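Geometric and topological summary
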Amino acid sequence: MREILGRRRKLLFRRGGKPAQLGAALHYATEWQWPVLPGVGLRSGGRQPAGARLGLGERTTRRCSCPDPDCVVPGAHPFDPGLLAATTDVRMVRWWWTNRPDAPVVLATGGRAPCAVSLPAVAGARALAALDHFGVRLGPVVATPTRWSLLVSPYGLPELGELLHSQDWVPSSLRFHGEGGYVVLPPSQIGAGQVRWERPPASPKLSTSFERGGPPSPAAPWLPKVATIVDALVTASTGSPDGGSRLAY
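Residues numbered from 1 in each chain as written. Predicted model: local features only at pLDDT ≥ 70, side-chain atom pairs only at ≥ 80, totals over all residues. Heavy atoms only, no water.

With that settled, consider the sheet that holds strand S9 (residues 182-185). An order of S1-S4-S9 is seen for the three strands of this open sheet, with the pairing classed as antiparallel. Where the open sheet ends on each side, the last strands, each with one partner, are strand S1 (36-38) and S9. When the angles between neighbouring strand axes are averaged without regard to direction, this sheet yields 35 degrees. Across the sheet, helix H3 (residues 90-99) is in contact with S1 and strand S4 (105-108); its angle to S1 comes to roughly 20 degrees. (Pairing = 2+ DSSP bridges. Helix = DSSP H or I, 4+ residues; strand = E, 2+ residues; numbered from the N terminus. Axes fitted to C-alpha atoms, helices over the stretch in contact; angles between N-to-C directions. Contact = heavy atoms within 4.5 Å.)

Here it is, written out as structure tokens:
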């Protein structure tokens, strides 16, 4: 079922012959009201030996388009425009990706937009298995080859601070993407590889007013509360038989 949902999502983003990133960005911004902006993207970095010792020849490298030659997240961050430019305006979104059709789609987290809790990919796979075992309902999960992000409902810094203060211990591998943060969304291509849905967004049920003939509720996917996810992750992490963390990396 998960694969079928993923295929439907891909088809949805390619409707009308639009490039994948443009279709996805328009859907996020207009259907779900998620503020987006184009990421910095990648550029060709020339050719370099793939493994001189192994005789593997040369391969083409892709580097970040930002000015930093040692960028640690190539292609996977905002640059120009900056994060504050994120919008749900259809004209702006269309203009951005018409001019840069391969640009990654970046979600500006916080405010009324989704937030996220992320962790390294290996730990993320373990965490999802544990949360499924506990019966925790998850929202959309964004996966890159290096990091997985669990989208959660919007939260503020005071709420996050109280939540973390209430915990005896929190895995150091967790990162919190709230106000002023961002997450790269599918189907973006970044330096680490392809961005995809590990758990595709699920549309919420129609509102009672819609069933009675009123307007439908917003079509944005359901999102869990950050406290639910953090509590479950802490429980999963402290369940290692040797006393260590299951979410370590």
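Next up on the list: the pairing of strand S7 (residues 147-152). With six of its six residues buried, S7 lies for the most part within the structure. Across the two faces of S7 the burial is the same, with Arg147, Ser149 and Leu151 and Trp148, Leu150 and Val152 all buried. Looking at chain direction, strand S5 (residues 115-120) and S7 are connected through six bridges and run antiparallel. By the bridge assignment for S7, Leu119 is matched with Trp148. Pairing analysis gives three bridges linking strand S6 (residues 141-143) to S7, with the strands arranged antiparallel. Within S7, the position partnered with Ala143 by the bridge is Trp148. Hairpin connection of S6 to S7: three residues between the antiparallel strands. (Buried < 20%, exposed > 50% of the residue type's maximum accessible area, 1.4 Å probe, protein only.)

These values are about where atoms sit, not about what they do.
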